[in-house]
Amino acid sequence: MPIHYLQATQDRLVPAFCLSIIRKLKPKVTFSQIAGPHLLLQTQPAEAARLIGTKSLSWQGTPANP
């Protein structure tokens, strides 16, 4: 199962080094950074949805619109 990690650049609850821990467990994880605090889906919903949609389409082999 593919995993895509959305990392908030100003997250004070989940530090950036957590990505390295996730990568040790799941080396194929992909990630994107979004400017904002911990609650990205609430504070940056359009950008989060765009990234999730683009990544989902790439996993399906469908080209995404830039």
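Counting restarts for each chain: residues are numbered from 1 in the order of the written sequence. A pLDDT threshold of at least 70 governs which residues receive local features in this predicted model, and a stricter bar of 80 or more applies before side-chain atom pairs are shown or counted, although totals over entire chains, interfaces and linings include all residues. Only hydrogens and water are removed before side-chain values are computed, so all heavy atoms of the structure are retained for them.

Participant: Can you walk me through the overall build of the protein in this structure?
Facilitator: Strands are runs of DSSP state E lasting at least two residues, helices are runs of H or I lasting at least four, and both sets are numbered from the N terminus onward. Scanning the protein from N- to C-terminus turns up three helices and two strands. Listing the helices and strands of the protein from first to last along the sequence gives β-α-β-α-α. Expressed along its principal axes, the backbone C-alpha trace of the protein runs to roughly 35 × 30 × 15 Å. Burial classes follow relative accessibility: with a 1.4 Å probe on protein chains only, a residue under 20% of its type's maximum area counts as buried, one over 50% as exposed, and anything between as partly exposed. In the protein, which comprises 66 residues, the share counted as buried stands at 21%. Throughout, a residue-residue contact means that at least one pair of heavy atoms, one from each residue, lies within 4.5 Å. When contacts within the protein are restricted to residue pairs at least 6 apart in sequence, long-range pairs at least 24 apart make up 63% of them. By element, 62% of the accessible surface of the protein is carried by carbon and sulfur atoms, the whole surface being about 5,000 Å². Only the protein chains shown count as cover for residues, and the accessible areas themselves come from Shrake-Rupley with a 1.4 Å probe.

Participant: Whenever I open this one, the nonpolar core confuses me. Can you help?
Facilitator: Soluble globular proteins: nonpolar side chains tend toward being buried together. Ala8, Ile34, Leu40, Ala48 and Leu51 together form the largest nonpolar core, which totals five residues. Apart from the residues within four sequence positions on either side, alanine 48 is in contact with Leu6, Ile34, Leu40 and Leu41. Here, nonpolar core refers to any group of buried Ala, Val, Leu, Ile, Met, Phe, Trp, Tyr and Cys residues whose side-chain atoms link them within 4.5 Å.

Participant: Hey, could you run me through the pattern of salt bridges in this one?
Facilitator: Think of it this way: side chains of opposite charge can pair up when their charged atoms draw near. Definition used for salt bridges: Asp or Glu carboxyl oxygen within 4 Å of a side-chain nitrogen of Lys or Arg. Taken as a whole and assessed by the stated rule, the structure comprises one salt bridge. Put simply, glutamate 47 and arginine 50 hold a salt bridge, and the shortest N to O gap is 2.8 Å. In this pair, glutamate 47 and arginine 50 both sit in helix α3 (residues 45-60), three residues apart, roughly one turn of the helix. According to the relative accessible area criterion, arginine 50 is partly exposed, its value standing at 45%.

Participant: Any chance you could explain the environment of valine 29 here in plain terms?
Facilitator: For valine 29, the position within the fold is in the loop between α1 (18-25) and β2 (30-34). Looking at valine 29, the relative accessible area reads 5%, which means it is buried. Taking the C-alpha atoms as reference points, valine 29 and isoleucine 3, separated by 26 residues in sequence, lie 5.1 Å from one another.

Participant: Looking at this model, I keep getting lost on the side chain of histidine 4. Mind explaining?
Facilitator: When you line up the elements, histidine 4 lands in strand β1 (residues 4-8). Under this definition, polar contacts are N or O atom pairs within 3.5 Å; protein pairs additionally need one hydrogen-donor-capable and one acceptor-capable atom, and for neighbouring residues in sequence, both atoms have to be side-chain atoms. Here threonine 30 takes part through its side chain, which lies 2.6 Å from a polar atom of the side chain of histidine 4. Looking at histidine 4, its side chain comes within polar contact range of the side chain of serine 32, at 2.8 Å.

Participant: In this structure, what is going on with the pairing of β2? I would like to understand it.
Facilitator: Remark: a regular strand shows side chains that alternate across the two faces of the sheet. Two strands make a pair as long as DSSP finds a minimum of two bridges between them. Looking at chain direction, β1 and β2 are connected through five bridges and run parallel. Pairing of histidine 4 across the sheet is with threonine 30, part of β2. For the crossover that starts at β1, traverses α1 and ends in the parallel β2, the hand is right-handed. With its strands directed away from the observer, a crossover is right-handed exactly when the path from the first strand over the helix to the second travels clockwise.

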